[in-house]
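Coordinate inspection notes
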Amino acid sequence: MAQTTPNHTQTVSGWAAHDSSGKITPYVFKRRENGPNDVTIEILYCGICHTDLHHVRNDWGITMYPVVPGHEITGVVTKVGTNVTRFKTGDRVGVGCLAASCLECEFCKSSQENYCDQIQFTYNGIFWDGSITYGGYSRMLVADQRYVVRVPENLPMDAVAPMLCAGITVYSPMKDTKMLESPGKKLGIIGLGGLGHVAVKFAKAFGLHVTIISTSPSKEKEAKERLGADHFIVSTDPKQMQAGKRSLDFLLDTVSANHSLGHYLELLKVNGTMVIVGAPEKPMELPSFPLIFGKRTVKGSMTGGMNETQEMMDVCGKHNITCDIEVVKPDQINEALERLANNDVRYRFVIDIAGQSSNL
């Protein structure tokens, strides 16, 4: 494991955290040369994910400092390797959470690379050459073509950037549980934040009946009038929760704060399924009775494979689905991270890496 290896000859400017204070400062580092299977990407935009906040502060105890966060990356291809067939110079592309995998296991061979037990991430991972990966809070990126997707021409590069994490994180379980093949079925989305608001957009595009379950009554108007949700339940109101018992076919739990699952499970019909995509720091409380008496299932889901990510991006192009964003400049990253920690964003921050509001 090393920060660089001998083929890291390209000097890049970016932004990194150097300790658990999480403070981001300008940082100059080296990237590898563009290899035969690589594309070099000029980064235009990079979304700020809650995972970035956990990594810069070492909340999970796995951060390798200095860490250059960012796995919601959009940009333009500036160079392609000799073996690259999927992309050419000038293409609009995106890079999400994945940087490398074993390529040999059952999951890699079925394009579920995200479940490879040797998966390495776009930042704070170990690449094939032994170097530490650095993410999208930087001017350019070299990525293996297998982990790059094409961005539809009709989508703005800033508002589509968070789809490379938030989008695929909710799209994948919705597809896996056949929600996207079930128009008219009833989906409950727990939490209306970066993940939740995108889930509403996918669900409505595929004809689902959507209920938002939130601790914030103030979000009801926005959920219904602007995002198109059909129903809203305040989870701290016992009467509303009681009225919603056994009314939903699916639940998608997007909340990253610590919470118990018990009273949410009661909202599911018999045989209903809850999928967890939020990642609270502490173990979740999971009472047995709501599971047993409702024959209910609780499962998890982590981002998605590369074929599925491209499919998700194409669906976004077809239905014009993007994130609701607030664009910030690189010198505002620390302020944005602090606001994100306080849930003060509707619904995702995106860094204008190129330093200009691009028309792409």
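Residues numbered from 1 in each chain as written. Predicted model: local features only at pLDDT ≥ 70, side-chain atom pairs only at ≥ 80, totals over all residues. Heavy atoms only, no water.

With that settled, the discussion passes to the overall build of the protein. Along its length, the protein carries eleven helices and 17 strands. Over its C-alpha trace the protein gives a radius of gyration of 20 Å, about what one expects of a compact globule, namely 21 Å for 360 residues. Reported as C-alpha extents along the three principal axes, the dimensions of the protein are approximately 60 × 40 × 40 Å. Within the protein, the fraction of its 360 residues that count as buried is 57%. Once the 36 positive and 38 negative side-chain charges of the protein are each reduced to a mean point, those two points are 5 Å apart. (Helix = DSSP H or I, 4+ residues; strand = E, 2+ residues; numbered from the N terminus. Rg over C-alpha atoms; globule rule 2.2 N^0.38 Å. Buried < 20%, exposed > 50% of the residue type's maximum accessible area, 1.4 Å probe, protein only. Lys, Arg positive; Asp, Glu negative; His and termini not counted. Charge placed at Lys NZ, Arg CZ, Asp CG, Glu CD.)

Before going further, it helps to spend a moment on the pairing of strand β3 (residues 38-48). Counting buried residues in β3 gives ten out of eleven residues, a clear majority hidden from the surface. Sheet topology note: the β3/strand β8 (residues 140-144) ladder contains five bridges and is antiparallel. In the sheet register, isoleucine 41 faces β8, and the bridge partner there is leucine 141. In the sheet, β3 pairs with strand β4 (residues 73-80) via seven bridges, with the strands oriented antiparallel. From the neighbouring strand, valine 39 faces β4, where its bridge partner is valine 80. By the bridge criterion, four bridges tie β3 to strand β17 (residues 348-352) in an arrangement that is antiparallel. For tyrosine 45, the partnering residue across the bridge sits in β17 and is aspartate 352. (Pairing = 2+ DSSP bridges.)

To characterise two packed helices, one gives the angle between the axes of the helices and the distance between these axes. Contact geometry for helix α4 (residues 166-176) and helix α5 (residues 194-205): axes closest at 9 Å, N-to-C directions at 50°. Compared by their axis directions, α4 and α5 come out oblique. The hand of the α4/α5 crossing is right-handed. From α4, Ala166, Gly167, Thr169, Val170, Tyr171 and Met174 reach across to α5, where they touch Gly194, Leu195, Val198, Ala199, Phe202 and Ala203. Counted by class, the contact of α4 with α5 contains nine nonpolar, three polar and no charged residues. (Axes fitted to C-alpha atoms, helices over the stretch in contact; angles between N-to-C directions. Parallel < 35°, antiparallel > 145°, perpendicular 65-115°, else oblique. Left-handed = near helix turned anticlockwise from the far one by under 90°. Contact = heavy atoms within 4.5 Å. Nonpolar A, V, L, I, M, F, W, Y, C, P; charged D, E, K, R; others polar.)

Let's shift gears to the pattern of salt bridges. Under the definition given, this model contains 18 salt bridges. Across the salt bridge formed by aspartate 38 and arginine 32, the nearest N and O atoms sit 3.1 Å from each other. In this structure, aspartate 38 and arginine 32 share a single accessibility class: buried. With a shortest N-O distance of 2.6 Å, aspartate 324 and lysine 201 are connected by a salt bridge. Remark: lysine 201 occurs in helix α5 and aspartate 324 occurs in the loop between α10 (306-319) and β16 (325-328); sequence separation between them is 123 residues. Of the two residues examined, aspartate 324 and lysine 201, each falls in the buried class. Beyond isolated ion pairs, a larger network of salt bridges with shared partners links Lys201, Glu222, Arg226, Asp324 and Arg346. (Salt bridge = Lys/Arg side-chain N within 4 Å of Asp/Glu carboxyl O.)

Moving on, we come to the UniProt feature "domain: Enoyl reductase (ER)" (unreviewed entry) in the protein. Taking the numbering used here, the UniProt-annotated feature "domain: Enoyl reductase (ER)" (unreviewed entry) corresponds to residues 19-351. The span residues 19-351 carries 26% helix and 26% strand; its end-to-end C-alpha distance comes to 21 Å. (UniProt positions renumbered as here; feature names shortened; annotations may be inferred.)

Mapped onto the secondary structure, glutamate 222 falls in helix α6 (residues 220-226). A distance of 3.1 Å separates a polar atom in the side chain of glutamate 222 from a polar atom in the side chain of arginine 346. In this view, glutamate 222 contacts Leu227, Arg346 and Tyr347; residues no more than four positions away in its chain are not counted. (Polar contact = N/O pair within 3.5 Å; in protein donor to acceptor, adjacent residues only side chain to side chain.)

Before going further, it helps to spend a moment on the sheet that holds strand β15 (residues 297-300). The strand order β12-β11-β10-β13-β14-β15 describes an open sheet built from six strands, whose pairing is parallel. A strand with exactly one partner marks an edge of an open sheet, and here the two such strands are β12 (231-234) and β15. The sheet shows a mean angle of 20° between the axes of neighbouring strands, taken without regard to direction. Sheet strands touched by α4: β10 (186-190), β13 (248-253), β14 (268-276) and β15. Its angle to β13, the strand with the most contacts, is close to 150°.

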